[in-house]
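The lines below spell out each chain.
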Amino acid sequence: MKDKFQTKPEVFLYFIKSDFKEILLRLCNKILEECENSLINLESDSDLTEVDKYLWVKDRDNFVPHKIFDENMSELDNLVLFKGSYEKMRSFGKFKKLIVAPKVKITKFKFFSRFMLFSDTTLTKDVLKNLKEKLTKYEIKYKIFYEYGNFKWKLVN
């Protein structure tokens, strides 16, 4: 039986041309400014290591404070990196937003109120039509964005 108070998540899909790490750096800075809590879902150990290092050292005058999920976490940890399936994780109650890196596959939209999925594949009319049909079928609120220039976005739905 479904919880009658459970709301459908919002899904934001981003078809990107820029390097995901650059987009993530900008997004993380915005998340920290707004004091939000977000989990960042990466595909592999190498992705986790690469993004972790990038967020610490990319900007010489600044860094993005974050944790890797295996570390001891506190209530002050706003950004947490992890790899693998979010459905297998146990403790993510305070996190309402899931950021999903390109190449990470998810099959269900549950546990989070907002999903931000990034894809580096080409957005075609057929892909767009298929996405819209699937999301509409499950009554999921969504927005689809296409990066037409460096960090310039167009809403395509």
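The following paragraphs examine the structure supplied in this document. Sequence order as written defines residue numbering, which begins from 1 separately in each chain. pLDDT decides what is reported in this predicted model: residues at 70 or higher carry local features, side-chain atom pairs at 80 or more are listed and counted, and totals for whole chains, interfaces and linings draw on all residues regardless. Remark: hydrogens and water are excluded; side-chain values derive from all non-hydrogen atoms of the structure.

## Describing the sheet that holds strand 5 (residues 97–100)
Step number 1: DSSP-based pairing: two strands are paired if at least 2 bridges between them are found. Helix numbers and strand numbers start at the N terminus; a helix is a DSSP run of H or I with at least 4 residues, a strand a run of E with at least 2. Strand order in the open sheet formed by eight strands is 3-4-2-5-6-1-7-8, and the pairing between neighbours is mixed. Each edge of the sheet is formed by a strand with only one pairing partner; in this case those strands are strand 3 (67–68) and strand 8 (152–155).
Step number 2: Two residues form a contact once any of their heavy atoms are found within 4.5 Å. Between N-to-C directions, angles cover 0 to 180 degrees, with each direction set by a line fitted to C-alpha atoms, over the stretch in contact for helices. Packed onto the sheet, helix 2 (residues 45–57) meets strand 2 (38–42), strand 3 and strand 4 (79–83) and runs at close to 160° relative to strand 4.
Step number 3: Helix 3 (residues 125–137) rests against strand 1 (10–15) and strand 7 (141–149) of the sheet, and its axis sits at about 160° to strand 7.

## Focus: the packing of aromatic side chains
Step number 1: Here is the rule: rings of Phe, Tyr and Trp (six-membered ring for Trp) pair when centre to centre is within 6.5 Å. Planes less than 30 degrees apart are stacked, more than 60 are edge-to-face, and the remainder are tilted. Applying the stated rule across the entire model yields ten aromatic pairs.
Step number 2: Residues Y86 and F111 carry aromatic rings whose centres are separated by 6.3 Å and whose planes lie at 85° to one another, so their mutual orientation is edge-to-face. Residue Y86 is found in the loop between strand 4 and strand 5, and its partner F111 is found in the loop between strand 5 and strand 6 (114–119); the two are separated by 25 residues along the sequence.
Step number 3: Burial here depends on accessible area, computed with a 1.4 Å probe over protein chains only, as a share of the maximum for the residue type. Under 20% is buried, over 50% is exposed, and the range in between is partly exposed. Classification of F111 by relative accessible area gives partly exposed; the value is 47%.
Step number 4: Put simply, the rings of Y14, F20, F118, F145 and W153 pair up and form one aromatic cluster.

## Brief notes about a nonpolar patch on the surface
Step number 1: Nonpolar side chains collect at one region of the surface, where W56, V57 and F63 lie side by side and expose about 300 Å² of accessible area between them.
Step number 2: For F63, the location among the structural elements is in the loop between helix 2 and strand 3.
Step number 3: Look at F63 and you get partly exposed, because its relative accessible area is 44%. A residue counts toward a patch only above 30% relative accessible area and without a salt bridge, and it is joined to like-charged neighbours within 9 Å or, for Val, Leu, Ile, Met, Phe, Trp and Tyr, to nonpolar neighbours within 5 Å. Residue-level accessible areas treat just the shown protein chains as cover; the underlying method is Shrake-Rupley with a 1.4 Å probe. The term salt bridge refers to a pairing of a side-chain nitrogen on Lys or Arg with a carboxyl oxygen on Asp or Glu at a separation within 4 Å.

## With respect to the pairing of strand 2
Step number 1: A large share of strand 2 lies buried, amounting to five of its five residues.
Step number 2: Here strand 2 runs beside strand 5; their pairing, made up of four bridges, is parallel. Directly across from L39, in strand 5, lies its bridge partner L98.

## Quick word on the side chain of H66
Step number 1: Mapped onto the fold, H66 is located in the loop between helix 2 and strand 3.
Step number 2: Its relative accessible area of 7% is what places H66 among the buried residues.
Step number 3: At a separation of 3.2 Å, a polar atom in the side chain of H66 contacts the side chain of W56.
Step number 4: Any N or O atom pair separated by 3.5 Å or less is treated as a polar contact, with the protein-specific requirement of one donor-capable and one acceptor-capable atom, and with residues adjacent in sequence counted only for side-chain atom pairs. In terms of polar contacts, H66 uses its side chain to reach the backbone carbonyl oxygen of V64, at 2.6 Å.
Step number 5: Excluding its chain neighbours within four sequence positions, the residues that come into contact with H66 are D52, L55, W56, L79 and L81.

## Brief notes about the pairing of strand 1
Step number 1: Of all six residues in strand 1, five are buried; the element is thus mostly enclosed.
Step number 2: Pairing geometry for strand 1 and strand 6, over six bridges, is parallel. Bridge assignment links E10 to a residue of strand 6, and that residue is R114.
Step number 3: In the sheet, strand 1 pairs with strand 7 via six bridges, with the strands oriented parallel. Considered in strand 7, the bridge of L13 is made with I144.

## Focus: helix 1 (residues 20–33)
For the α-helix, the turn length of 3.6 residues means that residues three or four positions removed from each other point alike.
Step number 1: Spanning 14 residues, helix 1 covers 20 Å between terminal C-alpha atoms, matching the ideal 20 Å at 1.5 Å per step.
Step number 2: Here helix 1 has its buried residues at F20, K21, I23, L24, L25, L27, C28 and I31.
Step number 3: One or two steps after helix 1, the chain reaches C35, where phi turns positive at roughly 55°. Take the residue count of a helix, subtract one, and multiply by 1.5 Å to get its expected span.

Taken by themselves, the reported measurements are silent on function.
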